[in-house]
Amino acid sequence: MKVLVTVKEVAEVEDDFEIEGTAIAEQFLEYDLNEWDDYAVEEAVQIQEAGDDVEVVSVTVGPERSEETIRMALAKGVDRAIRVWDEALADAELLDVAAKTQILQAVVEAEEPDLVLTGVQANDDSFGATGVSLADAIGYEWAAVVNALDVDTLLAENVANVHRELEGGVEELTEVDLPAVLTIQTGINEPRYASLRGIRQAQSKEIADQDLDDLGLEVGDVESRLALTEMYEPESESDATIFEGGAEETAGQLAQVLREKGVGAE
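Every chain begins its residue count from 1, and numbering advances along the sequence as written. Given that the model is predicted, a residue must reach a pLDDT of at least 70 before its local features are reported, and side-chain atom pairs must reach 80 or more before they are shown or counted; all residues, however, enter totals for whole chains, interfaces and linings. The basis for the side-chain values is all heavy atoms of the structure; hydrogens and waters are excluded.

1. Topic: the sheet that holds strand E8 (residues 115-119)
Only when DSSP finds a minimum of two bridges between them are two strands counted as paired. To qualify as a helix, a DSSP run of H or I must reach at least 4 residues; to qualify as a strand, a run of E must reach at least 2; elements of each kind are numbered from the N terminus. Reading across from one edge, E11-E10-E9-E12-E8-E1-E6-E7-E13 is the order of the nine strands in this open sheet, with mixed pairing throughout. Two strands close off the open sheet at either side, each with one partner strand: strand E11 (171-177) and strand E13 (207-210). For this sheet, the mean angle separating the axes of adjacent strands, direction not counted, is 30 degrees. In this sheet, E13 lies alongside strand E7 (residues 80-84) in parallel orientation, the contact comprising four bridges. Axis definition: a line fitted to C-alpha atoms, limited for helices to the stretch in contact. Angles are taken between N-to-C directions and run from 0 to 180 degrees.

So, in structure tokens, the structure goes:
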């Protein structure tokens, strides 16, 4: 069995930052593996550990800087990685779901995995649609927002028995035949820390760099329909009142405010 897991490097913003044009200034950003993708990686590695012949391949769309993040996935047990980047992608301020789907579809068609795992969403753009869009493009069965997966049945019967988290706290139990795409929710497992041995081994694992030509794509295939026109800090609609002092003093201040607002027992 081959499991393909998509991973994304996302930027985390410091508490104090500055905006330059339509982006946050680089010196205020730190990069890390997307939280949801970390759970997808762990789920893929657990499948690998439970099976006799399971290969786990990760794919990311990102610049050379993202290799550090990819190495962390390799250190956790991923066998090899694919990094897709191109000058045409570097010029794009924002890749929409359609563009990402085109790229990942080309990778899936080349790798022919039995199972594709993605995070439910990304910390930065929060689209939450790429996994399902990919499944539609490649013709795979799919299940979104998966928070439990029966690994034994998956390996024995090529069927994914999954729990899905629905709105209103409802959970759905369903079966999905392989090949399939599952979008993984946080909390499905406990992502492991990369061991020192794993980090050393990751240095020798393969990261295959590919561009649009390698994937048989053209610039027009990844042109985003979305454009980032402005970035700004939203203005606060209300001010917070902070009460200072001991418990009795602050309780009295709060009671006074509530009385002024007309709140409280008569």
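2. What about the pattern of salt bridges?
Here a salt bridge means any side-chain nitrogen of Lys or Arg lying within 4 Å of a carboxyl oxygen belonging to Asp or Glu. Counting across every chain of the model gives 11 salt bridges. Note that Arg65 is salt-bridged to Glu9, the shortest N-O span being 2.9 Å. Here the residue Arg65 occupies a position in the loop between strand E6 (55-61) and helix H2 (67-75), and Glu9 occupies one in strand E2 (residues 9-13), the gap between them amounting to 56 residues. On the accessibility criterion, Arg65 (40% relative accessible area) is partly exposed. Relative accessibility under 20% of the residue-type maximum defines a buried residue, over 50% an exposed one, and the middle range a partly exposed one, all with a 1.4 Å probe and only protein chains included.

3. A look at the UniProt feature "domain: Electron transfer flavoprotein alpha/beta-subunit N-terminal" (unreviewed entry) in the protein
UniProt positions are given in the numbering used here, feature names are shortened, and annotations may be inferred rather than shown by experiment. UniProt's entry tags residues 21-219 with the feature "domain: Electron transfer flavoprotein alpha/beta-subunit N-terminal" (unreviewed entry), counted in the numbering of this structure. When the span residues 21-219 is considered, its composition is 34% helix and 28% strand, and the gap between its end C-alpha atoms is 25 Å.

4. Quick notes on a nonpolar patch on the surface
There is a patch of nonpolar side chains on the surface, built from Phe243, Leu254, Leu258 and Val263 and spanning about 310 Å² of accessible area. Position of Val263 among the secondary structure elements: in the segment after helix H8 (247-260). Here Val263 falls in the partly exposed class, since its relative accessible area comes to 49%. Here a patch means residues that are over 30% exposed by relative accessible area and free of salt bridges, tied together within 9 Å if like-charged and within 5 Å if nonpolar (Val, Leu, Ile, Met, Phe, Trp, Tyr). Under the convention used here, a 1.4 Å probe and the Shrake-Rupley method define accessible areas, while residue burial counts only the protein chains that appear.

5. Points about the pairing of E6
Summarising burial for E6: five of the seven residues are buried, a large majority. By the bridge criterion, five bridges tie strand E1 (residues 2-6) to E6 in an arrangement that is parallel. Bridged to Thr6 within E6 is Val59. Of the strand pairs in this sheet, E6 and E7 are connected by five bridges, and their pairing is parallel. Following the sheet pairing, Val59 is matched in E7 by Ile82.

6. Thoughts on helix H1 (residues 35-50)
If you check H1, its first and last C-alpha atoms are 23 Å apart, about what 16 residues at 1.5 Å a residue would give, namely 22 Å. Most of H1 sits out of view: 12 of its 16 residues are buried. Along H1, the residues classified as buried are Trp36, Asp37, Asp38, Tyr39, Ala40, Val41, Glu42, Glu43, Ala44, Val45, Ile47 and Gln48. A helix is expected to span 1.5 Å for every residue after the first.

7. Let's talk about unusual backbone geometry
In this model, Leu178 is joined to Pro179 through a cis peptide bond whose omega is 0 degrees. The topology assignment puts Pro179 in the loop between E11 and strand E12 (180-184). Its identity is not glycine, yet Glu112 carries a phi of approximately 55 degrees, on the positive side. In this fold, Glu112 is placed in the loop between helix H4 (97-111) and E8.

8. Considering a negative patch on the surface
The sign given to each residue is positive for Lys and Arg and negative for Asp and Glu; His and the chain ends receive no count. All charge positions are set by atom: Lys at NZ, Arg at CZ, Asp at CG, Glu at CD. The grouping of Glu12, Glu14, Asp15, Asp16, Glu30, Asp32 and Glu68 at the surface amounts to a negative patch. Its location among the elements puts Asp15 in the loop between E2 and strand E3 (19-20).

9. Here we look at the side chain of Asn161
If you trace the backbone, Asn161 turns up in strand E10 (residues 159-165). Apart from the residues lying within four places of it in its own chain, the contact partners of Asn161 are Ala148, Leu149, Asp150, Thr153, Thr174 and Glu175. Residue contacts follow a heavy-atom distance rule, with two residues in contact if any of their heavy atoms lie within 4.5 Å.

10. Remarks on the nonpolar core
As used in this record, nonpolar core signifies buried Ala, Val, Leu, Ile, Met, Phe, Trp, Tyr and Cys residues forming a set joined through side-chain atoms within 4.5 Å. Membership of the largest hydrophobic core comes to 35 residues, with the highest contact counts inside it found for Val3, Val5, Ile47, Leu115, Leu117, Leu182 and Ile184. Looking at this core, the elements that each hand over two or more residues are E1, H1, H2, E8, strand E9 (141-149), helix H6 (151-157), E10 and E12. The element contributing the most residues to this core is H1, with six residues. Contacts of Leu182, omitting those with residues within four sequence positions, involve Leu115, Val116, Leu117, Thr118, Ala143, Val146, Leu149, Ala160 and Val162. Formed by 23 residues, the second largest nonpolar core is a distinct cluster that contains Leu4, Leu95, Ile103 and Val108.

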